[in-house]
Structure formats: C-alpha cells, structure tokens
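Here are the chains, one letter per residue:
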Amino acid sequence: MVIFIKDVLLNGEKTSILIENESITGIGKNLSMPVSGTYPDSDNDTKIIDGNGLAVFPTFANMHTHAAMTLFRGYGDDHPLQEWLNQWIWPAERNLDDDIVYWGTRLACLEMIKSGTTLFNDMYFFPEAAMRAVHDSGIRAMIGFTGFDFFNPESADKLKKDISDWYDNYSKSEFQNSKLMIPVVAPHAPYTVSGDTLLWLADFAAERGMHYHIHMSETAGEVTNSIEQYGIRPYIRLEKLGVLDRCGDRFIGAHSLHLDDDEIKILGQHRAAVVHNPNSNLKLGSGYKFMFNELRDAGVNVTLGTDGCSSSNNLDMLEASKTMALLQKGWRGDPTAMPASEAIQVASANGFKAAGLNAGKISVGTKADLLLVNLDNIGFVPNNDTLSNFIYAAHSESIDTVVCNGRIVMSNHHVNDERTIKDEARRVVQKLLCK
Ligand SMILES: [Zn+2]
C-alpha cells in the first residue's frame, strides 16, 4: 500500500509524508504525489490524504495491558484489592474461554485504535484467542503467556509444560511469520511464581530471544514481604536469581513503582525496560512517586502503559501521558519535570524500542505507525503549540486517522467492524459475569 499525506502539520510546519509498504520513505514540502502507474499492482491501493487541518504524531505503545479484561470495565470498582480479586475478578475468570477472550481483546484493540495506540504488550490467558483478535484488528501486539505456580511444584511443572506447548503451537501457526505479533514469556509476579520457575522461564525466553514481562514492585507491601521472606528487595532477588542477566533489554518490568537506588542502578546496568502505569497506580492507591528522572538517568528504558481496564478503566494512552506528566511535576514540585516532548517519547518511541521496533518517531526509514489529529477539535483551538495541546488539552476524540505498519486502521475516526465488536462484547460479558 502507498499512502501520501499532503500538507500535514509536523513539528509546527506543513509538509508531506510518503509511506510505501511498511515504512515512511519520504518527508518534505516538495515531495511529489505518487503518479498513477508508478507502483505496479498498487493503483487501487494508493491512498492520498489531504492533510490540511490535520497534524501528525507517532502512535502510542501501551506497554502493560490485560486486554481482554476490558470486559471487566467498571465491575467491582472501589473495593479493597484482595476483596475485589477474591469476590469479583477470580470467580468470574473461571468462566473464561476462547470466545470471551477473543471478543474482549477485539474490544480492547478497538479502543486502542480509536485512541491512537498501534502496539500493546499484553499479559493474559488464552493467548491463541488473543493472537487471532490482534490479527483481525490489524495492530501490533506482544502477546504474553502468563501464569502462576504459587510455589507448588506440581503447578510449576504444569506451567512449564503449558508454555512449552503454547510456544510449539505458535511456531507452527499462521501467526509465526506475522510482522505484527511478538510472543512473550509473562510470569505474573515474584510473589506468585517461585524463584526456580522465574529462572526456568528466563532461560526459556533467552534461548528463543523472547521478551520477559512481569509485574514488579507495584505496592509497598510486596517489597516489605520480599524483605521479610528473602531478606532482599524484589529486583535484587531477580538479579541474584540470574533473571536480569538472561533477559537484559528484553526484560520489561511492569509498575516498578517502589524502588531503591540499588535497584535502579541494577536495572540501568541491564538496560532493562520498566512500564509506568500512573492511572492504575492512583486508582488502586499503590502510590504515585514514580522515579522517572532517576530511572532515565540510570539508563533504564522507561515506557508507559495503562494496565488492564479493571484498574485503569480505559486504555487511553493520551490520558495516561497527561497523568504521567502531571504526577512528575506534582510530586517533585517542579513544573519543568516531564515536559510534553518527554511524555510523548516515553509513551511512544521508548515502548517501540523495548519491543525492538524502529518506530515511534516521524522520520524517513521508520515503521509507518502514525496518527493524524483534527486541528478543529476544541483541544487544538487556538493552536499555539500543537504538541502541548495534544498532551495537555486534547482528548482521543481528536484522533482522526491511525496508520499501523503502513496500513490505515482508522479513518475519519471510523474503525471497521466497530458495531459487531460492541455487540459481541455485550454478548460474551453475559457468559463471563453471570454464571
Ligand atoms: Zn497488570
């Protein structure tokens, strides 16, 4: 496919952008429009977009999600964590099946496309169904096989067998050659998975060049428990187990909110990535003093996520970007902390980098993952600073067009199959919550 975006606003100046196949191949005021016949076999697949009244930004990378949990939106809110898990979420999750996870993930992908996200890093059950949903939605995903062993040897053996079988099946599946799908090893957390299994999974990931996605230090309580049980903090324990050594920059630690200086240093030494989930942390009362400057300065790749919809209630990365920036300014008492230019880098380029993808910026040679915002949207009036307006003023309704890997997945704020996806989500939630 060839896409030519004519006269669009980029970094405060009007320019044109040429996309061929999967990448941005030209940017410039005098770029000539593709001529009919120039691209053999693609005449019907050439799209010219009038960029007047539109501005371009890279799309978002949502680096920590539980996509199918979008079906739990608003279910059991405002209860204490353990009560909420025991009485609301875990009983309902026993009803999960392929059908529920497929449509739950389609619903999540729909919401992500509408709010400008083209890559997400997921951790949930029924990963084959999630992969099918991502494939049918046309965006990118890192699909994590998650699990627990609760320190029980039999459960550990089962988890190891299940993940091996899943990877074998994936290797023979139609998704094996997909450019949009990345399989990931995703143990739930160091307090639900034993040290032996955490290390076994790190070896499994390292042998296959896979990413390792895990919840880390989300609450102060889990850090205290780790110190009581093992005498060390969670990241020091992972380091001693050898997990960080094996995973390096393919390690993705979700949350990583309660850290000390030694843990930050170790993460930097391994060039690891962490995912800040500001809205989820605030809603669950987990904390808000995310150590952004310290992590960045230590060489850690800091990315942004929403977490699942049962704790963040939406998957809107634009909203998460604003919360992240305001939190840094607020707790540090410094209005210069986390400027808009840094917020968009964390929310976009850093996430793609963690996934090993050359995307997240509008420049020649990068993957064509970009979005167009409508400058007539109230958040851009007046347009004194387009980036500032995008991060601090606009809502995702301002996003008009989304391109993923050189393919248009939303235009005029319209996504294919939107009606069907909403209807099916309403159908499967009856199976999930009412048994
Ligand atoms: Zn999570």
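Keep in mind it's a predicted model, so treat the numbers as computed, not measured.

About the criteria used
- Residues numbered from 1 in each chain as written.
- Predicted model: local features only at pLDDT ≥ 70, side-chain atom pairs only at ≥ 80, totals over all residues.
- Heavy atoms only, no water.
- Phe/Tyr/Trp six-rings, centres within 6.5 Å; stacked < 30°, edge-to-face > 60°.
- Helix = DSSP H or I, 4+ residues; strand = E, 2+ residues; numbered from the N terminus.
- Buried < 20%, exposed > 50% of the residue type's maximum accessible area, 1.4 Å probe, protein only.
- Lys NZ or Arg CZ within 6 Å of the ring centre and 35° of its normal.
- Domains from an automatic or database assignment.
- Buried area = accessible area lost by both parts, 1.4 Å probe.
- Salt bridge = Lys/Arg side-chain N within 4 Å of Asp/Glu carboxyl O.
- Pairing = 2+ DSSP bridges.
- Axes fitted to C-alpha atoms, helices over the stretch in contact; angles between N-to-C directions.
- Donors = N, O, S within 2.8 Å, 3.2 Å for Na, K, Ca; no water.
- Tetrahedral: all angles 85-135°; square planar, octahedral: opposite > 155°, others 65-115°.

## A short note on the packing of aromatic side chains
Each pair of aromatic rings is reported with the distance of its centres and the angle of its planes.
Right, so step 1: Throughout the structure, instances matching the rule amount to 14 aromatic pairs.
Right, so step 2: Ring centres of Tyr167 and Phe204 lie 5.9 Å apart, and the angle between their planes is 90°; this geometry places the pair in the edge-to-face category. Of this pair, Tyr167 sits in helix α4 (residues 153-172) while Phe204 sits in helix α5 (residues 195-208), and the two are 37 residues apart along the sequence. Taken individually, Tyr167 and Phe204 each receive the classification buried, so the pair is uniform in this respect.
Right, so step 3: With centroids separated by 6.0 Å and ring planes inclined at 65°, the aromatic side chains of Tyr235 and Phe251 adopt a geometry described as edge-to-face. A residue pair is termed long-range when its members are at least 10 positions apart, and Tyr235 in helix α7 (residues 234-241) and Phe251 in strand β11 (residues 251-255) qualify at 16 residues.
Right, so step 4: The buried category is assigned to Phe251, whose relative accessible area is 0%.
Right, so step 5: In this arrangement the basic side chain of Arg208 is found over the ring face of Tyr167, its NZ or CZ atom lying 5.4 Å from the centre.
Right, so step 6: Between Arg237 and the ring centre of Tyr230, over which it is positioned, the NZ or CZ distance is 3.8 Å.

## With respect to the domain arrangement of the protein
Right, so step 1: Assigned domains within the protein: domain 1 (2-58 + 367-414) and domain 2 (60-354).
Right, so step 2: The gap between the C-alpha centroids of domain 1 and domain 2 is 30 Å.
Right, so step 3: Counting each side, the surface lost to burial between domain 1 and domain 2 is near 1900 Å², with a carbon and sulfur contribution of 67%.
Right, so step 4: For the domain 1 face of the interface with domain 2, the top three residues by lost area are Pro58, Ile391 and Tyr392, together amounting to 32%.
Right, so step 5: On inspection of domain 1 and its partner domain 2, the count reaches two salt bridges.
Right, so step 6: Ionic pairing is found between Glu22 and Lys179, a salt bridge with its closest N-O pair at 2.8 Å.

## Structural notes on the sheet that holds strand β12 (residues 273-276)
Right, so step 1: Across the sheet, eight strands lie side by side as β6-β7-β8-β9-β10-β11-β12-β13; this open sheet has parallel pairing. The open sheet has two edge strands with one neighbour each: β6 (60-65) and β13 (301-304). Strand after strand, the sheet turns through a mean of 25° between neighbouring axes, direction not considered.
Right, so step 2: Pairing between β6 and strand β7 (residues 117-124): four bridges, direction parallel. By the bridge assignment, Phe60 is partnered in β7 with Thr117.

## Re the coordination of the zinc ion
Tetrahedral metal sites with four donors have an ideal angle of 109.5 degrees; octahedral sites with six donors have ideal angles of 90 or 180 degrees.
Right, so step 1: On the protein side, the zinc ion has His64 (NE2), His66 (NE2), His215 (NE2) and Asp307 (OD) as donor atoms, found 2.1 to 2.5 Å from it.
Right, so step 2: The coordination sphere of the zinc ion comprises four donor atoms, whose angles at the metal cover 85 to 175°; the geometry is irregular.
Right, so step 3: Look at where the donors of the zinc ion fall in the sequence and you get H-x1-H-x148-H-x91-D. With His215 in strand β10 (residues 211-216) and Asp307 in the loop between β13 and α12 (317-332), the pair connects residues that are 92 residues apart, well separated along the chain. One exposure class covers both His215 and Asp307, and it is buried.

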